[in-house]
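Report on the structure
The primary structure of each chain is shown beneath.
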Amino acid sequence: MDCGTTLVKYVLFIFNAIVSILGILTIVFGVIVLNNIGMIEHDGQVGFPPQAVLPIGMITLGSIVVFISFLGCCGAIREDVCMTMCYAVLMLILLILQLVIVVLLWTSKDKITNAMDQVIDSAWQREARETGVFEALQKSLKCCGANNFADYAFIGKLPPKSCCPADEACILINSYPGCKKVAAEYISGSSEKAKYFGIGLIAVELVGFIFACCLANNVRNYKRRNAY
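Residues numbered from 1 in each chain as written. Predicted model: local features only at pLDDT ≥ 70, side-chain atom pairs only at ≥ 80, totals over all residues. Heavy atoms only, no water.

- With an unreviewed UniProt entry as reference, the chain is termed Tetraspanin, source organism Stomoxys calcitrans.
- Recorded under Subcellular location (unreviewed entry), the UniProt text for the chain is reproduced unchanged: "Membrane".
- Its UniProt record gives the chain a comment under Sequence similarities (unreviewed entry), which states: "Belongs to the tetraspanin (TM4SF) family." (UniProt positions renumbered as here; feature names shortened; annotations may be inferred.)

1. A closer look at helix α2 (residues 53-78)
- If you check α2, its first and last C-alpha atoms are 38 Å apart, about what 26 residues at 1.5 Å a residue would give, namely 38 Å.
- All buried positions along α2 are accounted for by P55, M58, I59, G62, V65, I68, S69, L71, G72, C73, G75 and A76.
- At the exit of α2 stands E79, carrying a positive phi of roughly 55°. (Helix = DSSP H or I, 4+ residues; strand = E, 2+ residues; numbered from the N terminus. Expected span 1.5 Å × (residues − 1). Buried < 20%, exposed > 50% of the residue type's maximum accessible area, 1.4 Å probe, protein only.)

2. What to know about the UniProt feature "transmembrane region" (unreviewed entry) in the chain
- With numbering aligned to this structure, UniProt lists the feature "transmembrane region" (unreviewed entry) at residues 7-32, 52-73, 85-106 and 196-216.
- As annotated, residues 7-32 comprises 100% helix and 0% strand, and the C-alpha atoms at either end are separated by 38 Å.
- Secondary structure over residues 196-216 splits into 100% helix and 0% strand, and the C-alpha atoms at its two ends are 30 Å apart.

3. Regarding the pattern of salt bridges
- With the rule as written, the count across this model stands at one salt bridge.
- The salt bridge partner of K180 is D121, with a shortest N-O separation of 2.8 Å. You can see K180 sitting in helix α7 (residues 179-227) and its partner D121 sitting in helix α4 (residues 109-129), a full 59 residues away along the chain. (Salt bridge = Lys/Arg side-chain N within 4 Å of Asp/Glu carboxyl O.)

4. A word on the layout of surface pockets
- In this structure, the largest pocket occupies an estimated 860 Å³ of space.
- What lines the largest pocket is a set of 31 residues, among which V53, L54, M58, L105 and A194 lie closest to the centre.
- Elements with a contribution of two residues or more to the lining of the largest pocket: α1 (3-37), α2, α3 (81-107), α4 and α7.
- At nine residues, α7 tops the list of elements feeding residues into the lining of the largest pocket.
- Here the residues of the lining of the largest pocket sort into 22 nonpolar, eight polar and one charged.
- The residues that make up the lining of the largest pocket include at least three from each of domain 1 (1-78) and domain 2 (95-227).
- When its volume is computed, the second largest pocket comes out at roughly 160 Å³.
- If you go around the second largest pocket, the residues you meet are V19, L22, G23, T26, L61, G62, V65, F197, G200, L201, V204 and E205.
- In terms of residue count, the dominant contributor to the lining of the second largest pocket is α7 (five residues).
- For the lining of the second largest pocket, the class distribution of residues is seven nonpolar, four polar and one charged. (1 Å grid on protein atoms, 1.4 Å probe; cavity = no way out; pocket = protein on both sides within 12 Å on 5 of 7 lines; lining within 4 Å. Points joined across faces, edges and corners; volume = space filled by probe spheres on them. Nonpolar A, V, L, I, M, F, W, Y, C, P; charged D, E, K, R; others polar. Domains from an automatic or database assignment.)

So this is what it looks like as structure tokens:
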């Protein structure tokens, strides 16, 4: 096999080994963020709040990337045309899905924010009838009340300790902002980071896709020539 094909083979292998490591790091980061967010109770059901969509998506994407890059490593090192082409097809599908996600993040930020506001409003309405319903959400987002500290006065309750930093007295001057504001800032900041991370990942994976196609084509031609 010529030097060019051998070079492409090892470049593709090293590329996918690095992508596998990045995929694993993405999974680990997603798990850490998800663990920090915690779970909340909503309409009698315990689950993750809407801001958990991003880390769950990162864990899912990281798992897919690790599987596909492992397939690329095996296909490259074994010079297997079928495996390499499967890798290229899966990479192309992943590229398209990531592009769709990036576009949705670019265009649907307001819808995500509105959905989060509805969850907060629903939880706050329950807090007005029951005690402690809003506590998990406040601990998760480090916020206080639906809109601000004063919301507790309107429902005739004292703000809980989760409204303020643990080592300080819980008063208006050192209370956390309202949960709607914090959620909006979180979604805005996270979606911006996710968009640019997604664009970078698409560019990197596009290189892998091109190298995979080149390697599969070169190996196929080499085997065809040797068959005669």
